[in-house]
Amino acid sequence: MEQRNNVTEFVLLGLTQSIQGQKILFVMFLFIYIVTMVGNLLIVLTVVVSSILDTPMYFFLGCLSFMDAIYSTTVTPNMIIDLVYGRKTISFQACMTQLFIWHFFGGADIFLLVVMAYDRYVAICKPLHYLTIMNKRVCVLLLLLTWIGGFLHGIFHPLFVYNLPFCGPNIIDHFMCDMYPLLKLACTDTQVTVITVLTNDGAICVIIFSLLLISYGVILCSLKNRGQVGRRKALSTCGSHITVVVLFFVPCIFMYMRPPSTLSVDKSLTLFYSIITPMLNPLIYTLRNGEMKNAMKKLWTTKRK
């Protein structure tokens, strides 16, 4: 694929131009990134090692944590490095790569949340057939479909941007490469691309978010006939899933279900669902999950012996 413009790099304005502010943000986001990686990789390790977590739910939870670790790594290390240097630049090719990987894992996360909702539906509404329906072959197939869906979602973005003419300026008012800030710099009519983005990103988020809320509504309604212990456990699990879904989808819908304009809140929202949410997910799933906490304690005890 041949690039048809003279732009070789972009200048990222980042979060702030204040030297003191950059030092504070450097410490803050370095801490967040360390917590994110430790939390998510600890969940992956616990799921892999612990025999009591050998169930479809924890298999998908481990996969979500693995994806979150890579998703956060796509953006956070570059942003942390940029906070140290005065001039924040990214090459055109690196920008396209970041755009693809970020949307690839973001899309895979979305589809995996759908799979996790389906897993909870089967476990709660069809408990006698759960292990038959959600066997290992089905779990691997569903995971493969999330990766395929994420890849198709991610590859769309650089394909539409790569051959757009960029005549200058090459300054992106953001801390990363994303569709709307890039489209704003293109010196051509991008209306068709904007409509495609609204369809591919915005509409998909709205549809999937609505389906997830409906599915969890059905699950919660089915708990009326359950015993108190079973209802409490199901509510705890579903509550964690719903919290993660809301934290991820609400900012995404606001970002992509509107015309391409640069708002002051855009950077904060992007920070939230690309950096903060991957850090919160391990806390949400572990603090509300007794089995996960017990497995982590057992793993820690075993390592110390």
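Residues numbered from 1 in each chain as written. Predicted model: local features only at pLDDT ≥ 70, side-chain atom pairs only at ≥ 80, totals over all residues. Heavy atoms only, no water.

An unreviewed UniProt entry lists the protein chain under the name Olfactory receptor, from Bos taurus. UniProt annotates the protein chain under Function (unreviewed entry) with the comment "Putative odorant or sperm cell receptor." Within the UniProt record for the protein chain, the comment given under Sequence similarities (unreviewed entry) is "Belongs to the G-protein coupled receptor 1 family." (UniProt positions renumbered as here; feature names shortened; annotations may be inferred.)

*Asks:* Looking at this structure, how should I read the pairing of strand β1 (residues 9-12)?
*Replies:* Successive side chains on a regular strand alternate, one facing one side of the sheet and the next facing the other. With three bridges connecting them, β1 and strand β2 (residues 89-91) associate as antiparallel partners. Within β2, the position partnered with Glu 9 by the bridge is Ser 91. In this sheet, strand β3 (residues 171-172) lies alongside β1 in parallel orientation, the contact comprising two bridges. Within the sheet, the bridge partner assigned to Leu 12 lies in β3 and is Ile 172. (Pairing = 2+ DSSP bridges. Helix = DSSP H or I, 4+ residues; strand = E, 2+ residues; numbered from the N terminus.)

*Asks:* What should I look at first to understand the state of the cysteines in this one?
*Replies:* What we call a disulfide is simply a covalent bond connecting the sulfur atoms of a pair of cysteines. For the structure on display, the rule yields two disulfides. Across the disulfide, Cys 95 is cross-linked to Cys 177 (sulfur-sulfur distance 2.1 Å). The S-S bond linking Cys 95 to Cys 177 shows a torsion near -130°; that makes this disulfide left-handed. With Cys 95 in helix α3 (residues 92-125) and Cys 177 in the loop between β3 and α6 (179-185), this pair connects stretches of sequence that are 82 residues apart. Looking at Cys 177, the relative accessible area reads 0%, which means it is buried. One disulfide in the model links Cys 167 with Cys 187; its S-S distance is 2.0 Å. Residues Cys 167 and Cys 187 share a disulfide whose torsion about the S-S bond is about 100°; that sign makes it right-handed. Highlighted residues: Cys 167 in the loop between α5 (136-161) and β3 and Cys 187 in the loop between α6 and α7 (191-221), separated in sequence by 20 residues. Taken N- to C-terminal, the disulfide-bonded cysteines of the protein chain are connected 1-3, 2-4. (Disulfide = S-S within 2.5 Å. Buried < 20%, exposed > 50% of the residue type's maximum accessible area, 1.4 Å probe, protein only.)

*Asks:* Would you take a moment to explain the sheet that holds β2 for this structure?
*Replies:* Strand order in the open sheet formed by three strands is β2-β1-β3, and the pairing between neighbours is mixed. Whereas interior strands pair on both sides, the edge strands pair on one side only; in this sheet they are β2 and β3. Packing against the sheet, α3 makes contact with β1 and β2, and its axis sits at approximately 85° to β2. (Contact = heavy atoms within 4.5 Å. Axes fitted to C-alpha atoms, helices over the stretch in contact; angles between N-to-C directions.)

*Asks:* What am I meant to see in the packing of α3 against α5 here?
*Replies:* If you want to describe how two helices pack, look at the angle between their axes and the distance between the axes. Running from N to C, α3 and α5 point in directions that differ by 150°, and their axes come no closer than 7 Å. Relative to α5, α3 is oriented roughly antiparallel. When you trace α3 past α5, the crossing you get is right-handed. Per-class residue counts for the contact of α3 with α5 are 17 nonpolar, eight polar and no charged. (Parallel < 35°, antiparallel > 145°, perpendicular 65-115°, else oblique. Left-handed = near helix turned anticlockwise from the far one by under 90°. Nonpolar A, V, L, I, M, F, W, Y, C, P; charged D, E, K, R; others polar.)

*Asks:* I'm lost on the pattern of salt bridges in this one. Help?
*Replies:* Side-chain pairs of opposite charge can arise whenever the charged atoms involved come near each other. Throughout the structure, instances matching the rule amount to two salt bridges. Asp 119 is the partner of Arg 120 in a salt bridge, and the nearest nitrogen-oxygen pair spans 2.9 Å. For the pair shown, Arg 120 and Asp 119 are each scored as buried. The closest approach of N and O atoms between Lys 267 and Asp 173, which form a salt bridge, is 3.0 Å. (Salt bridge = Lys/Arg side-chain N within 4 Å of Asp/Glu carboxyl O.)

*Asks:* What am I meant to see in the packing of helix α2 (residues 56-84) against α5 here?
*Replies:* Contact geometry for α2 and α5: axes closest at 11 Å, N-to-C directions at 25°. Taken together, the axes of α2 and α5 are roughly parallel relative to one another. Judged by the twist between their axes, the crossing of α2 over α5 is right-handed. Together, Pro 56, Phe 59, Phe 60, Cys 63, Phe 66 and Met 67 of α2 and Cys 139, Leu 142, Leu 143, Thr 146 and Trp 147 of α5 make up the contact between the two elements. Split into classes, the residues belonging to the contact of α2 with α5 amount to ten nonpolar, one polar and no charged.

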